[in-house]
Amino acid sequence: MKGKLYFAAILFSLGFLPLKVGILLLVTVILWSLPFWMKHKIYLGGSISLFFFSTFLTATMGPPPSIESTYQGSFSIQSHPVTKEFYTEFEIELPNELKILARTEHPPDSLKLGASCQGELVIEPPQKATNPGQFDYANFLSSQGIHAITNEPIIMDCSGSSYFSKLYRIRDDVLTHLDMAFHPTTAMWIKAILLGERQGFDDETMESFQFWNISHLLAISGLHVAIILATCYGVLYYVLRTSRATAMNVMLAGIPFYILMAGSHPSVIRAGLMAALVIVMVKFRNRMPVIDILSLVYIAVLMINPYLMNQLSFQFSFIVTACLLLSNRIITQDGWVWMSLKISLISQLALLPLQFYYFYYTNVLSFLMNLLFVPYFTLFMIPVLLILFFVSFIDLSMARMIENIFIQVNEPMINALNGLEPFLFAQWLVGKPHLITIFLAYICLFGMMYWWNRSDLRKASIFGCLLISCFWIQQSIPYMDSTYRITMLDVGQGDSFVVELPYRSAVMMIDIGEEVNYSHLDQPNRNFNQVVQPFLWSKGIQQIDALVISHFDYDHAAGATTLIEHFDPEQTFIAARSDDEIINEYLGNVEPIQVKKQHQIKMGGAELNVLSPETPVMRGNENNHSLVVELQVDGHRTLFAGDLEAAGELRLLENGAIRDVDLLKVGHHGSSTSTSLPLLQQLNLNGKDAFISVGEDNSYGHPSIEVINRLEDQGNRIWRTDIHGAVEMKYTNGQSTFLPFKP
């Protein structure tokens, strides 16, 4: 069974998926490789046992049945306190095993890893995502076994500490030493590459590395550990003239220490444990295949800490390493240039399904950047940083001389990377694929490598094409779907609606608001960055056909310039107006199409009938100059009322512009000044649906109880972002279905 333990690791992994999906894929894997299993029935039984054991581990990873809002008593400190810009962060565990993330601005000196404390906590649930595609902070913490947060806990007494606390204190001292010894940029690189500390890492550089899919070089991996161990072995064996056995023993002893010094991140745990096992195998002359060592490390680490399975760095680290090991024969057939190309290609294909699942897109030119930067990091960056690190403790003046050389080489290299224009044509946006698509893609990848290893390039090419086709099909599904969709995004106290016409014939956005609350916190594009762009990307939408701005209030139009920059709408529509200053303020150099009553916009089978304003001359305030449109698709009519108030509604009624609708976007977030009874009666909305986009616990008291009562009195179903999060209306075959994101 040598070299085949990865089959057991695969079945073990399936137990972490949703149970029905896991069982379905388990049966598929067994049937797909049935001849192999029939020859190794005991191995099959053991692998299936591992599957059921991992399902048991998954069942133990959920939150406790209930979480109290306050707690007074004893608790333990489960992580080394980390000082950030404005607070210190650490993990607390209560006697009932509930883990809590704590933050405080004034940590006591006795706060240490492993300490037992007494105190009072106000416990809150972490913020959950309220929109599709949005980062889910609660899920992120849950993946680490943390199910609650507390701010400024009252810590009255702490005693004791773990042995590891002393090691982490040493790490803090080393980080402080690096900050004092080197230029901030050099210290940033040493801390990130050698010690896994990315706090304070340059945002622009991080974004460039992420865009070009080379951010894996910033995570400590087998490459880093191999270079460090090779350097240590060279010094011990060739310089200090120790025996080979002594050098191996020193490295074995040093690996756990380095794992702790590097922050105990999943990638360094994997690389460190694998290195330790390889050294043990060599020491005792055991020729276990490296892929089996990786499989054993993988299963053992997850048995100890199953939460690691949910961490992206853990998944990326093991999948890439496994694929490279399984492709060893392919990689080593040719010279260095071809070997580098193959490593880059196989690594990118191995990550492709997860790249789409977590980030919705990939960069098709990333393998070229990997081809350039992997050798740069291997031959220059990591060795020089390693030399700088050790020399700084011996001779600081010499270290700074070496630092000057490093800066002269590295700075132009990184500046060139940061200066590259993002080639959007190289960005392949698919959207979030289904788990079944991910599994099929990995089956195709496995088949491609299997036949490539056997030099059957024809079959390998077929499986490679099938791998790419998995995502082409995923990308094309919306263009074969006859469903008409309107999604009310939860952007707090603002409006943002996404309209997807049948067969993806057009995509429109109606308003793109930001919350005034965040405008002064250096987060002017918070809704766009955290809600709108992730949602559009998760849907596979790279460009929109039209942007409709109801009026120029911050909560309806503040994200317009950013949306135009990133999604390049073909047309932008606004209410006709006589003043250009506010247009330039919100839209920059874009020339919008100004529309007024009786204008009709046709797009992809949809009709937008403009009901208001009547003239470019503003009558009253900005709200009453809102662009009011009736959107009609396949006989379904929706009225988008902007922030129109009672005076504006009255003009619509007097002009006879209102007719029956199936869905109402309630005006002005449900303010008492809008959505009058005469308007509702004219819309004949009885028993139908209404959207209210409103911020949770907003200071305006929206939506008004009077408006809610008017809607309920007519039997309308009310969908509110403060209660339901984002809400999607799906219309197909004459029937509409509403899907709230929050249950």
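Check the entry above for the structure.
Residues numbered from 1 in each chain as written. Predicted model: local features only at pLDDT ≥ 70, side-chain atom pairs only at ≥ 80, totals over all residues. Heavy atoms only, no water.

Let's talk about unusual backbone geometry
Definition in use: Here a strand is any run of E in DSSP of at least two residues, a helix any run of H or I of at least four, and the numbering for each starts at the N terminus.
Backbone torsion omega between Ser612 and Pro613 reads 10 degrees, so that peptide bond is classified as cis. Locating Pro613 in the fold gives a position in the loop between β17 (606–612) and β18 (628–633). Following His702, the chain continues into Pro703 via a peptide bond in cis, with omega recorded as -5 degrees. By the element assignment, Pro703 lies in the loop between β21 (689–692) and α26 (705–713). Residue Thr675 is not a glycine yet carries a positive backbone phi of 55 degrees. Take Thr675: it is sitting in the loop between β20 (663–665) and α25 (677–683).

Looking at the packing of helix α12 (residues 290–304) against helix α13 (residues 312–326)
Heads up, the condition is: Between the N-to-C directions of two axes lies an angle of 0 to 180 degrees, each axis being a line fitted to C-alpha atoms and, for a helix, fitted only over the stretch in contact. Working rule for angles: under 35 degrees goes down as roughly parallel, over 145 as roughly antiparallel, 65 to 115 as roughly perpendicular, anything else as oblique. By convention the crossing between two helices is left-handed if the near helix lies anticlockwise of the far one by an angle smaller than a right angle, and right-handed if it lies clockwise. Note on contacts: a residue pair qualifies if any of its non-hydrogen atoms lie within 4.5 Å across the two residues. Gly is put with the polar residues, along with every residue not named as nonpolar or charged; the nonpolar set is Ala, Val, Leu, Ile, Met, Phe, Trp, Tyr, Cys and Pro, and the charged set is Asp, Glu, Lys and Arg.
Interhelical geometry of α12 versus α13 gives an angle of 160 degrees and a closest axis separation of 9 Å. Here α12 is positioned roughly antiparallel relative to α13, judged by the angle of their axes. The crossing of α12 and α13 is left-handed. On the side of α12, the interface is formed by Val290, Ile291, Leu294, Val297, Tyr298, Val301 and Leu302, while α13 contributes Phe314, Phe318, Thr321, Ala322, Leu325 and Leu326. A class-by-class count of the residues in the contact of α12 with α13 yields twelve nonpolar, one polar and no charged.

Side note on the pattern of salt bridges
Note the threshold: We count a salt bridge whenever a side-chain nitrogen from Lys or Arg sits within 4 Å of a carboxyl oxygen from Asp or Glu. Buried residues are those whose accessible area, probed at 1.4 Å on protein chains only, stays under 20% of the maximum for their type, while exposed residues exceed 50% and partly exposed ones sit between those limits.
In total, this model carries 18 salt bridges according to the counting rule given. Residue Glu500 is joined to Arg504 by a salt bridge in which the shortest nitrogen-to-oxygen separation is 3.2 Å. Take Glu500: its relative accessible area is 3%, and that puts it in the buried class. Among the ionic pairs, Glu630 bridges to Arg659, the shortest N-O distance being 2.7 Å. Taken together, the residues span a long stretch of sequence, with Glu630 in strand β18 and Arg659 in the loop between α24 (646–654) and β20 at a distance of 29 residues. Residue class for Arg659 comes out partly exposed when judged on its relative accessible area of 37%. Taken together, the shared-partner salt bridges in this structure form one network comprising Asp481, Arg485, Glu500, Arg504, Lys539 and Glu728.

Concerning the side chain of Glu645
We count it as follows: Positive charges come from Lys and Arg, negative ones from Asp and Glu, while His and the chain ends are left out of the count.
Inspection of the secondary structure assignment puts Glu645 in the loop between β19 (636–640) and α24. Put simply, Glu645 is tucked away with no salt bridge, and the nearest opposite charge, on Arg651, sits 8.9 Å away. Non-local contacts of Glu645, meaning those with residues more than four positions away in its chain, are made with Asn621, Asn623, Asn624, His668, Thr673 and Ser674.

Details of helix α9 (residues 222–239)
Spelled out, the test is: Multiplying 1.5 Å by the helix residue count minus one yields the expected span of that helix.
A rise of 1.5 Å per residue sets the reference length of α9, with its 18 residues, at 26 Å; its end C-alpha atoms lie 24 Å apart and thus fit the reference within 8%. Turning to α9, the residues buried within the fold contact α7 (184–195), α10 (244–261), α11 (266–283) and α16 (366–391). In the stretch just after α9, Arg241 is the one whose phi turns positive, near 60 degrees.

Describing the environment of Ser143
So the rule is basically this: The term polar contact refers here to a pair of N or O atoms within 3.5 Å; inside protein, the definition further demands a hydrogen-donor-capable atom paired with an acceptor-capable atom, and it admits residues adjacent in sequence only when both atoms are side-chain atoms.
Within the secondary structure layout, Ser143 lies in the loop between α5 (137–142) and β6 (148–151). The buried category is assigned to Ser143, whose relative accessible area is 8%. Leaving out residues up to four positions away in the same chain, Ser143 has contacts with Tyr307 and Asn310. A distance of 2.5 Å separates a polar atom in the side chain of Ser143 from the backbone oxygen of Phe140.

A look at the packing of aromatic side chains
This is how it is decided: For Phe, Tyr and Trp, rings pair up if their centres lie within 6.5 Å, where Trp contributes its six-membered ring, and each pair is then called stacked (planes under 30 degrees apart), edge-to-face (over 60) or tilted (otherwise). For a lysine, the NZ atom is tested; for an arginine, the CZ atom; a charge sits over a ring if that atom is within 6 Å of the ring centre and within 35 degrees of the ring normal.
All told, the structure shown has 40 aromatic pairs when counted by the stated rule. Their ring planes at 15 degrees and their centres at 5.4 Å tell us that Tyr233 and Tyr237 sit as a pair that is stacked. One end of the pair is Tyr233 and the other is Tyr237, both in helix α9 and four residues apart, which spans about a single turn. Linked through ring pairs, Trp189, Phe201, Phe209, Phe373, Tyr376, Phe377, Phe380 and Phe406 together constitute an aromatic cluster. Directly above the ring of Tyr357 sits Lys432, whose terminal nitrogen or CZ lies 4.6 Å from the centroid. Cation over ring: Arg504 sits above Tyr479, and NZ or CZ is 5.8 Å from the ring centre.

What to know about the environment of Val297
Residue position: Val297 is located in helix α12. For the pair Val297 and Ala641, spaced 344 residues apart in the sequence, the C-alpha separation amounts to 59 Å. Those residues within four positions of Val297 in sequence are excluded, and the remaining contacts are Arg270, Leu273, Met274, Leu277 and Phe318.

Considerations on the sheet that holds β21
Where we set the bar: At least two DSSP bridges between two strands are required for those strands to pair.
In spatial order, the strands read β16-β17-β18-β19-β20-β21-β22; together these seven strands make up an open sheet with mixed pairing. Every other strand in the sheet has two partners, leaving β16 (600–603) and β22 (717–720) as the edge strands with one partner each. Each strand axis lies, on average, 20 degrees off the axis of its neighbour in the sheet, ignoring direction. As paired elements, β21 and β22 share four bridges and run parallel to each other. In the strand pairing of β22, Asp689 is matched with Arg717. Running at roughly 140 degrees to β22, α26 makes contact with β21 and β22 of the sheet.

Quick word on a negative patch on the surface
Inclusion rule: In this analysis, a patch consists of residues with relative accessible area above 30% that form no salt bridge, clustered at 9 Å for like charges and at 5 Å for the nonpolar side chains Val, Leu, Ile, Met, Phe, Trp and Tyr. Note on areas: these come from Shrake-Rupley sampling with a 1.4 Å probe, and a residue is covered only by the protein chains present in the view. Where a charge sits is defined by one atom per residue type, namely NZ (Lys), CZ (Arg), CG (Asp) or CD (Glu).
Residues Asp202, Asp203, Glu204 and Glu207 make up a contiguous surface patch of negative charge. Locating Asp203 in the fold gives a position in helix α8 (residues 203–211). What makes Asp203 exposed here is its relative accessible area of 57%.

Digging into empty space enclosed by the protein
Here the idea is plain: a probe the size of a water molecule rolls over the atoms and shows the empty space left. Put simply, the rule reads: Definitions used for this entry: grid spacing 1 Å over protein atoms alone; cavity, a set of points where a 1.4 Å probe fits but cannot get out; pocket, an open set with protein on both sides within 12 Å along at least 5 of 7 lines; lining residue, one with an atom within 4 Å of a point. Grid points are joined across faces, edges and corners, and a volume is the space filled by probe spheres set on the points.
One pass over the full model with this rule turns up two cavities of 30 Å³ or more. Within the residue set of the lining of the largest cavity, elements represented by two or more residues are β17 and α24. Looking at the lining of the largest cavity, the element that brings in the most residues is α24, giving three residues. Here the residues of the lining of the largest cavity sort into five nonpolar, six polar and three charged. For the second largest cavity, the calculated volume is near 40 Å³. Residues belonging to the lining of the second largest cavity are distributed by class as follows: four nonpolar, two polar and three charged.

Re the sheet that holds strand β24 (residues 735–740)
A sheet is described by the order of its strands in space; here eight strands give the open sequence β15-β14-β13-β12-β11-β10-β23-β24, paired in mixed fashion. The outermost strands of the open sheet, each flanked by one partner alone, are β15 (593–595) and β24. Sheet twist, expressed as the average angle between the axes of neighbouring strands with direction ignored, equals 20 degrees. With three bridges joining them, strand β13 (residues 546–548) and strand β14 (residues 571–575) adopt parallel strand pairing. Paired with Leu547 across the bridge in β14 is Thr572. Helix-sheet contacts for helix α20 (residues 526–538) involve β10 (484–488), β11 (496–500) and β12 (507–512), and the interaxial angle to β12 is about 170 degrees.

Focus on the nonpolar core
Condition: In these notes, a set of buried Ala, Val, Leu, Ile, Met, Phe, Trp, Tyr and Cys residues joined through side-chain atoms within 4.5 Å is what counts as a nonpolar core.
Ranked by internal contacts, the top residues of the largest apolar core, which has 102 residues, are Trp189, Leu194, Tyr298, Phe373, Phe377 and Leu385. Leaving out residues up to four positions away in the same chain, Tyr298 has contacts with Ala9, Phe12, Ser13, Met309, Phe314 and Phe318.

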